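# Coordinate analysis (summary)
One letter stands for each residue in the lines below.
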Amino acid sequence: MAARRRLESTALKKSRNPPRVTKKAPVIDRAALLAESQRLASSQRLDEAERLLVGHPDDLECVFRRGALLMTLERWAEAEACFRRTFAAAPSHFDSAMGLAGALVEQGKPAEAMPLLDAAVRAAPNAGRVRYFHSVALEETGRTDEAKSEIAAARELLVAPLDRRGLIPWEVYVQVSRRCNLRCAMCGHEVWKTNSGFMEWPVFDRVLEQCAANSIKKINILAGQGEPFLHPHIFEMLEKAIAAGFEVHIVTNGTPLTPDRIQRLGKLGLASLQFSFAGWDKDSYERTYVGAKFERTLANLLGLQEATRGTDTDFFVKAVVTDSDWAGVSRRTRDFLTTQGVEKIFTVAANNFGGNVQLGQHNERHGVWSLKHLDHHRRMPCRVFLTAIGVFCDGTVTACGCYDSNAELKIGHIMEQSLAEIRTGEEYRRLLAAHRSGNLDGVPMCAKCDDVFG
């Protein structure tokens, strides 16, 4: 997970200061090559993007971007070779130094990474990710006291924007429906205490009012439990939020949709519509989305893509892979959907749903189950915990809008308190203090979650 996140500052975004080309470039349309590589990387076609760049070893920007892709593909030694090349040619290129250091740490060579990270901290002392990787290398070279100080600084830098905002979140996750019609393999449904309940209008209106009062523009119709399109008034709720000027995003498994509802969705003006789908045939899909029908759901997916085409709604498919062969399952899913004409597909390895789903392997060091490689990573404050709250259908507010299905992280009630009172209250401050310190022993759900690493 952390390796993929590093792509955000490298392969998926052009470097702010790309290494200068010191050799005469071959006769190629360099701009077109880099743009195509960027397009492929942005749509997660990482192997194709890497193969496109491998044929241009004399162009240092191609080499640098290939190194970033190789990091995401977890081909550490090859990434190291790329970054050594670009760093040797441009020793002041910050991202090459960081890429090389990251490749070394991932291969268990933190001592070699230390001079690079020491220099990076001197150059960018307020960069949280720099201080974070520096802390990992310090710990793995036995300098534990320095590592503790450094990761504390990294955590504070991550929390600082929230402090400046007075603990007010930037977005809200809203559970309009607690009921779900499926039992998906990646979901924590086995711990649900109930599978019923819809948000009433007074609660929904209060959410909108409190978002407006706190300058929160982004509303996500998403929760740790529930399919939103089972709500009998979901369209009216979406229409009201959009008409009020909110940026509304929604996630669906797509099964409750009909041709008429699909056409209506295409005209709503949603900011984004995420369709959950993984698999390449009836068996692989229905094994993951237990209770769904492959042919019907695929028809709904294709219908939604067509209905939103040419609109401002960002329609995309997100495939959550529960298999340890993330690359293989991801590729087969992507290849199948591409043959169906699906244009935007993103695949991710399933998280452990706040510790409620045992996937992958048990990491002894951190005491969590995960499909991710966590050995060289440490707990950091959860980004969703910092930036968002979740509102259950009954108005209960949770600090975790993603995975908390039973209000384990309850911090208030939106019908009894203002949103500002909830976020500045004693319970949220207690949880925030735990995330600041990295000691989550008193917060079992967060302590078992694999989203807090990296």
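The notes below deal with the structure included here. (Residues numbered from 1 in each chain as written. Predicted model: local features only at pLDDT ≥ 70, side-chain atom pairs only at ≥ 80, totals over all residues. Heavy atoms only, no water.)

### Overview of the environment of Pro-169
- Mapped onto the secondary structure, Pro-169 falls in the loop between helix 9 (144–164) and strand 1 (171–174).
- Residue Pro-169 is classed as buried on the basis of its relative accessible area of 0%.
- Taking the C-alpha atoms as reference points, Pro-169 and Leu-257, separated by 88 residues in sequence, lie 32 Å from one another.
- Among residues more than four places away in sequence, those in contact with Pro-169 are Ile-216, Thr-387, Ala-388, Ile-389, Leu-419 and Arg-423. (Helix = DSSP H or I, 4+ residues; strand = E, 2+ residues; numbered from the N terminus. Buried < 20%, exposed > 50% of the residue type's maximum accessible area, 1.4 Å probe, protein only. Contact = heavy atoms within 4.5 Å.)

### Section: the packing of helix 6 (residues 94–106) against helix 8 (residues 128–140)
- Look at helix 6 against helix 8: their axes get within 11 Å of each other, and the N-to-C directions meet at 35°. The handedness of the crossing between helix 6 and helix 8 comes out as left-handed. On helix 8, the residues that touch Phe-94, Asp-95, Met-98 and Val-105 of helix 6 are Arg-129, Val-130, Phe-133, Val-136, Ala-137 and Glu-140.
- For the contact of helix 6 with helix 8, the class distribution of residues is 7 nonpolar, no polar and 3 charged. (Axes fitted to C-alpha atoms, helices over the stretch in contact; angles between N-to-C directions. Left-handed = near helix turned anticlockwise from the far one by under 90°. Nonpolar A, V, L, I, M, F, W, Y, C, P; charged D, E, K, R; others polar.)

### Quick look at the pattern of salt bridges
- All told, the structure shown has 34 salt bridges when counted by the stated rule.
- The partner of Glu-36 in a salt bridge is Arg-39, and the shortest N-O contact between them spans 2.7 Å. Linking Glu-36 with Arg-39, this pair stays in helix 2 (residues 30–42), spanning 3 residues, or about one helical turn.
- Among the salt bridges present, the one from Glu-139 reaches Arg-365, with a minimum N-O distance of 2.2 Å. Highlighted residues: Glu-139 in helix 8 and Arg-365 in the loop between strand 7 (361–363) and strand 8 (368–370), separated in sequence by 226 residues. (Salt bridge = Lys/Arg side-chain N within 4 Å of Asp/Glu carboxyl O.)

### Here's the deal with the environment of His-231
- Note that His-231 resides in the loop between strand 2 (218–221) and helix 11 (234–243).
- Judged by relative accessible area, His-231 falls into the buried class, the value being 3%.
- For the pair formed by His-231 and Ala-349, sequence separation is 118 residues and the distance between their alpha carbons is 29 Å.
- With sequence-adjacent residues up to four places away left out, His-231 is seen in contact with Val-176, Ser-177, Phe-198, Met-199, Met-237 and Arg-261.

### Notes on the sheet that holds strand 9 (residues 388–391)
- Reading across the sheet, the 9 strands line up as 6-5-4-3-2-1-9-10-11 and stay open at both edges, with mixed pairing between neighbours. Edge positions in the open sheet fall to strand 6 (345–349) and strand 11 (410–413), since each of these has one partner strand only. Each strand of the sheet is rotated relative to its neighbour by a mean of 25°, with strand direction disregarded.
- Note: strand 4 (residues 272–276) against strand 5 (residues 314–321), 5 bridges, orientation parallel. The partner of Phe-275 across the bridge, within strand 5, is Val-317.
- Along the sheet face, helix 10 (residues 201–213) touches strand 1, strand 2 and strand 9 and points at about 170° away from the line of strand 1. (Pairing = 2+ DSSP bridges.)

### What about the packing of aromatic side chains?
- If you walk through the whole model with that rule in mind, you get 13 aromatic pairs.
- Between Phe-64 and Phe-83 the ring centres are 5.9 Å apart and the planes differ by 65°, which places this aromatic pair in the edge-to-face class. A residue pair is termed long-range when its members are at least 10 positions apart, and Phe-64 in helix 4 (residues 60–72) and Phe-83 in helix 5 (residues 76–89) qualify at 19 residues. Just as Phe-64 is buried, Phe-83 falls in that class too.
- Centroid distance Tyr-132 to Phe-133: 5.1 Å. Interplanar angle 65°. Geometry classified as edge-to-face.
- Taking the relative accessible area as the measure of exposure, Phe-133 reaches 13% and is therefore buried.
- Taken together, Phe-277, Tyr-285, Tyr-289, Phe-294 and Phe-336 form an aromatic cluster joined through their ring pairs.
- Here Lys-217 stacks its cationic end above the ring of Phe-246, 5.9 Å away from the centre of that ring. (Phe/Tyr/Trp six-rings, centres within 6.5 Å; stacked < 30°, edge-to-face > 60°. Lys NZ or Arg CZ within 6 Å of the ring centre and 35° of its normal.)

### Focus on the nonpolar core
- Among the nonpolar cores identified, the biggest contains 99 residues, and Val-172, Leu-238, Leu-265, Leu-270, Phe-277 and Leu-337 are the most heavily contacted of them.
- Looking at this core element by element, the count peaks at 6 residues for helix 11. (Core = buried A, V, L, I, M, F, W, Y, C linked by side-chain atoms within 4.5 Å.)

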